[in-house]
Amino acid sequence: MIDLKDFEYDELIEYLTSVGEKKFRAEQIFSWLHKGVESYDEMTNLSKATREKLEKETYVSTLKIREKYVSKIDGTVKYLFELPDGNCIESVVMRYHHGLTICISSQVGCRMGCRFCASTIGGLYRSLTPGEILNQVIFAQKDVGERISNIVMMGIGEPLDNFDNVIKFLHNVNHEKGLNIGYRHISLSTCGVVPGIYALAKEKLPITLTISLHAPNNEIRDSIMPVNHKYNIEELLTACREYVKTTNRRISFEYSLIHGVNDSMANAEELANLVRDLHGHINLIPVNKVEERNFEKGSNDDIRAFQEKLTHLGINATVRRELGSDISASCGQLRKKVI
């Protein structure tokens with residue numbers, strides 16, 4: 001059976017015409033799918049004959065909310081979504097002054113093995129399809145009853161390890177006949193899959209690329225991020241420079257501050273020297289507590305001192321606001337309970 005949400009708009013036209021339908025049906029069906037209908041019966045402007053034809057070899061995919069938590073502190077909503085095959089993924093809706101942002105997953109599990117991350121516990125089960133990635137936005141939006149205007153691909157999984165499906169999703173979520181979320185309102189985070197960065201640059205999508213750097217040198221990065229054994233910092237930053245040159249888009253860097261591992265003043269100086277020529281923004285993240293790991297975050301004074309050191313060295317650095325702290329809003333915490 002075919003999930004029509006896996007098709008890009010032009011592919012949907014091609015499929016529908018191949019089964020004897022008119023081109024205009026694509027706009028109707030594409031719109032209905034992105035509104036979150038759960039059956040063809042809800043597509044009221046399709047004839048009964050068309051609906052019956054579609055049901056023979058296609059289906060309307062959905063997500064089941066298995067668990068949902070709402071923060072009493074800031075209204076952050078965390079979902080554990082169940083896929084039709086029983087696997088679970090996580091999505092988080094966050095409230096900012098500029099609107100709602102959703103953090104979505106691109107895979108069931110992750111094979112990257114970053115030691116401070118709960119998402120990688122249990123390894124990779126499979127990649128998500130374009131429709132499964134899209135459904136997180138559709139059904140979270142449907143549940144909260146408000147428009148989601150920003151997307152961050154920083155949930156479970158490595159987006160560039162699921163490149164083709166992620167690109168299809170980006171095209172679909174941006175399409176004017178669908179959710180119509182602008183590329184400039186979408187951020188994609190990678191732990192450093194270098195070939196994927198070069199491939200993404202060729203797409204020339206005006207999204208924000210975020211690099212999960214988390215270390216100022218190869219020695220530290222090797223110890224906490226296995227991907228660095230394959231693509232070291234020098235190779236990663238070379239790819240970043242090519243990305244900036246090709247797309248004319250600045251890059252952001254994520255840096256989880258781990259007490260006693262990468263948060264010294266010497267580390268701050270190393271980090272500043274490392275990224276200075278890229279003129280990117282550094283998002284400092286106090287490391288999240290993961291039961292299976294022994295990493296701890298430093299004091300608020302330590303975190304502030306690290307930020308101030310970077311700022312003094314001419315680097316644009318901010319500390320990420322902690323949202324949903326009462327519901328463990330960082331991804332991976334819920335899913336590991338059901339593995």
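These lines cover the structure that appears in this document, whether it is placed above or below. (Residues numbered from 1 in each chain as written. Predicted model: local features only at pLDDT ≥ 70, side-chain atom pairs only at ≥ 80, totals over all residues. Heavy atoms only, no water.)

We now examine the pattern of salt bridges. Pairs can form between side chains of opposite charge whenever their charged atoms are close. Per the stated rule, a full pass over the model turns up 16 salt bridges. Close ionic contact of Glu-146 with Arg-95 constitutes a salt bridge, the shortest N to O distance being 2.7 Å. Of the two residues, Glu-146 is situated in the loop between helix 4 (130-144) and strand 9 (148-153) and Arg-95 in strand 5 (residues 88-96); the sequence distance between them amounts to 51 residues. A relative accessible area of 36% means that Arg-95 is categorised as partly exposed. Residue Asp-161 is joined to Arg-111 by a salt bridge in which the shortest nitrogen-to-oxygen separation is 2.8 Å. On the criterion of sequence distance, the pair formed by Asp-161 in the loop between strand 9 and helix 5 (163-174) and Arg-111 in the loop between strand 7 (107-109) and strand 8 (124-127) is long-range, its members being 50 residues apart. Owing to a relative accessible area of 22%, Asp-161 belongs among the partly exposed residues under this scheme. (Salt bridge = Lys/Arg side-chain N within 4 Å of Asp/Glu carboxyl O. Helix = DSSP H or I, 4+ residues; strand = E, 2+ residues; numbered from the N terminus. Buried < 20%, exposed > 50% of the residue type's maximum accessible area, 1.4 Å probe, protein only.)

With that settled, consider the sheet that holds strand 12 (residues 252-257). With mixed pairing, 10 strands are arranged side by side in an open sheet as 3-4-5-6-9-10-11-12-13-14. With one partner strand each, in any of the chains shown, strand 3 (64-70) and strand 14 (317-319) form the two edges of the open sheet. Averaged over all adjacent pairs, the angle separating strand axes in this sheet is 25°, with direction ignored. As judged from the 5 bridges shared by strand 5 and strand 6 (residues 99-103), these two strands associate in the antiparallel manner. Along strand 6, the bridge assignment pairs Val-92 with Cys-103. Packed onto the sheet, helix 5 meets strand 9 and strand 10 (186-190) and runs at close to 170° relative to strand 9. (Pairing = 2+ DSSP bridges. Axes fitted to C-alpha atoms, helices over the stretch in contact; angles between N-to-C directions. Contact = heavy atoms within 4.5 Å.)

Let us look at the packing of helix 10 (residues 265-275) against helix 11 (residues 300-312). Taken N-terminus to C-terminus, the directions of helix 10 and helix 11 make an angle of 35°; their axes are 9 Å apart at the nearest point. Like other packed secondary-structure pairs, helix 10 and helix 11 cross with a definite hand, here right-handed. Where helix 10 approaches helix 11, its residues Met-265, Asn-267, Ala-268, Glu-269, Leu-271 and Ala-272 are matched on the opposing element by Ala-305, Phe-306, Lys-309 and Leu-310. Here the contact of helix 10 with helix 11 is composed, by residue class, of 7 nonpolar, 1 polar and 2 charged. (Left-handed = near helix turned anticlockwise from the far one by under 90°. Nonpolar A, V, L, I, M, F, W, Y, C, P; charged D, E, K, R; others polar.)

Next up on the list: the environment of Lys-177. Within the secondary structure, Lys-177 sits in the loop between helix 5 and strand 10. According to the relative accessible area criterion, Lys-177 is partly exposed, its value standing at 24%. For the pair Lys-177 and Pro-216, spaced 39 residues apart in sequence, the C-alpha to C-alpha distance is 43 Å. Residues in contact with Lys-177, not counting those within four places in the same chain, are Tyr-9, Glu-27, Phe-30 and Ser-31.

For strand 9, the tally of buried residues reaches 6 of 6 residues, placing the bulk of the element in the interior. Judged from the 4 bridges that link them, strand 6 and strand 9 form a sheet pairing that is parallel. Among the inter-strand pairings, Ile-102 is bridged to a residue of strand 9, identified as Ile-151. Pairing of strand 9 with strand 10 involves 3 bridges; the strand directions are parallel. Across the sheet, Val-152 pairs through a bridge with Ser-187, a residue of strand 10. Between the parallel elements strand 9 and strand 10, the chain passes through helix 5 in a crossover that is right-handed. (Right-handed = clockwise from strand over helix to strand, strands pointing away.)

With that out of the way, let us pick up the environment of Lys-309. In this structure, Lys-309 sits in helix 11. Along the primary structure Lys-309 and Glu-269 are separated by 40 residues, whereas in three dimensions their C-alpha atoms are 7.6 Å apart.

You can see His-214 is positioned in the loop between strand 11 (208-212) and helix 7 (218-224). Contacts of His-214, omitting those with residues within four sequence positions, involve Phe-116, Ile-224, Met-225, Glu-254, Tyr-255, Ser-256 and Asn-262.

Here we come to unusual backbone geometry. The phi angle at Asn-248 is positive, at roughly 60°, despite the residue not being glycine. For Asn-248, the location among the structural elements is in the loop between helix 9 (233-247) and strand 12. Among the residues examined, Asn-248 registers a relative accessible area of 70% and is labelled exposed. Here His-279, not a glycine, exhibits a phi torsion of approximately 50°, which is positive. As for its placement among the helices and strands, His-279 is situated in the loop between helix 10 and strand 13 (281-286).

Ranked by size, the top nonpolar core spans 80 residues in total, and within it Ile-151, Phe-169, Leu-170, Ile-282 and Leu-310 carry the most contacts. With residues up to four places along the chain from it excluded, the contact list for Phe-169 reads Ile-104, Pro-130, Ile-133, Leu-134, Val-137, Ile-151 and Met-153. One finds Leu-4, Leu-12, Phe-30 and Val-37 within the second-largest nonpolar core, a separate group that totals 18 residues. (Core = buried A, V, L, I, M, F, W, Y, C linked by side-chain atoms within 4.5 Å.)

The topology assignment puts Ser-91 in strand 5. Engagement of the side chain of Ser-91 in a polar contact is seen with the side chain of Gln-136, the distance being 2.7 Å. Leave out the neighbours within four places in its chain, and Ser-91 touches Val-77, Lys-78, Tyr-79, Phe-81, Ile-102, Cys-103, Ile-104 and Gln-136. (Polar contact = N/O pair within 3.5 Å; in protein donor to acceptor, adjacent residues only side chain to side chain.)

For helix 11, built from 13 residues, the straight-helix expectation of 18 Å at 1.5 Å per residue is met to within 8% by its first-to-last C-alpha distance of 18 Å. Immediately downstream of helix 11, the backbone of Gly-314 shows phi near 90°, a positive value. (Expected span 1.5 Å × (residues − 1).)

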